[in-house]
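So you can see what is in the structure, the chains are spelled out below.
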Amino acid sequence: MGDRYAIEGQENAAASASAILQITNATTLRGKIYDFSVSASGAMEDDTVQYDVLRFTVAPTDTTVTPRALDPAAPAAVHSDCGENGGTSGTITANTEVFNQGIHVRAAYRWVAVPGGEIVLSAVAANGVVWRALASSYTGTVEATAHFEE
């Protein structure tokens, strides 16, 4: 088993898909995402946000997030190119959606992989995985937290 890390991000939900959080692949290894959650923290109204997780070939333009080791003795993450609050979704790879769910803004959602069912990151430069939010009328803040293993 490798070292485990956590990252989190936030973004304002929008009518066009907004990047909440992203992990760009490291070329030296294939990380595995084994747990993530999404939720809203803005105005609690009766609305739904569509969350999805997709692969990209060009990372979103965003604010850097440094992964934190879940074990204080672990080294810095190799997948250190992570970000939040992306103004764009980057360049999404067609037919690579690994999660898509409409979730009421008053609810939180957590996904945990069964052993062997993790989302595997490829070892290709500039590729990665992005969490996005799409809302037709809700414009409040949405968050995502992900745990991954290297």
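The following refers to the structure shown.

Once that is clear, we can look at the nonpolar core. Ranked by size, the top nonpolar core spans 33 residues in total, and within it Phe36, Tyr51, Trp131 and Val142 carry the most contacts. When residues no more than four places from it in sequence are discounted, the contact partners of Phe36 are Val53, Phe99, Tyr109, Arg110, Trp111, Ile119, Trp131, Thr145 and Ala146.

Each regular strand displays side chains that alternate between the two surfaces of the sheet. Burial analysis of strand E3 (residues 32-40) places seven of its nine residues in the buried class, the great majority of the element. In this sheet, strand E11 (residues 119-120) lies alongside E3 in antiparallel orientation, the contact comprising two bridges. Each residue of the ladder has a partner; that of Ile33, found in E11, is Ile119. Pairing of E3 with strand E13 (residues 141-149) involves eight bridges; the strand directions are antiparallel.

Within the fold, Val78 resides in the loop between strand E6 (68-69) and strand E7 (82-86). Residues Val78 and Ala108, spaced 30 residues apart in sequence, show a C-alpha to C-alpha distance of 29 Å. If sequence neighbours within four positions are ignored, Val78 has contacts with Ala26, Thr28, Leu29 and Glu150.

A few words on the packing of aromatic side chains. What the rule picks out here adds up to five aromatic pairs. For the ring pair Phe36 and Trp131, a centre distance of 5.8 Å and an interplane angle of 75 degrees mean the geometry is edge-to-face. One end of the pair, Phe36, is in strand E3; the other, Trp131, is in strand E12 (residues 128-134), and 95 residues separate them in sequence. Pair check on accessibility: Phe36 and Trp131 agree, each one buried. Measuring from centroid to centroid gives 5.3 Å for Phe99 and Tyr109, while their planes differ by 35 degrees, and the two rings are tilted. On the criterion of sequence distance, the pair formed by Phe99 in strand E9 (residues 99-104) and Tyr109 in strand E10 (residues 109-112) is long-range, its members being 10 residues apart. A relative accessible area of 9% places Phe99 in the buried class.

Parameters and conventions
- Residues numbered from 1 in each chain as written.
- Predicted model: local features only at pLDDT ≥ 70, side-chain atom pairs only at ≥ 80, totals over all residues.
- Heavy atoms only, no water.
- Core = buried A, V, L, I, M, F, W, Y, C linked by side-chain atoms within 4.5 Å.
- Buried < 20%, exposed > 50% of the residue type's maximum accessible area, 1.4 Å probe, protein only.
- Contact = heavy atoms within 4.5 Å.
- Helix = DSSP H or I, 4+ residues; strand = E, 2+ residues; numbered from the N terminus.
- Pairing = 2+ DSSP bridges.
- Phe/Tyr/Trp six-rings, centres within 6.5 Å; stacked < 30°, edge-to-face > 60°.

By themselves these figures say nothing about function.
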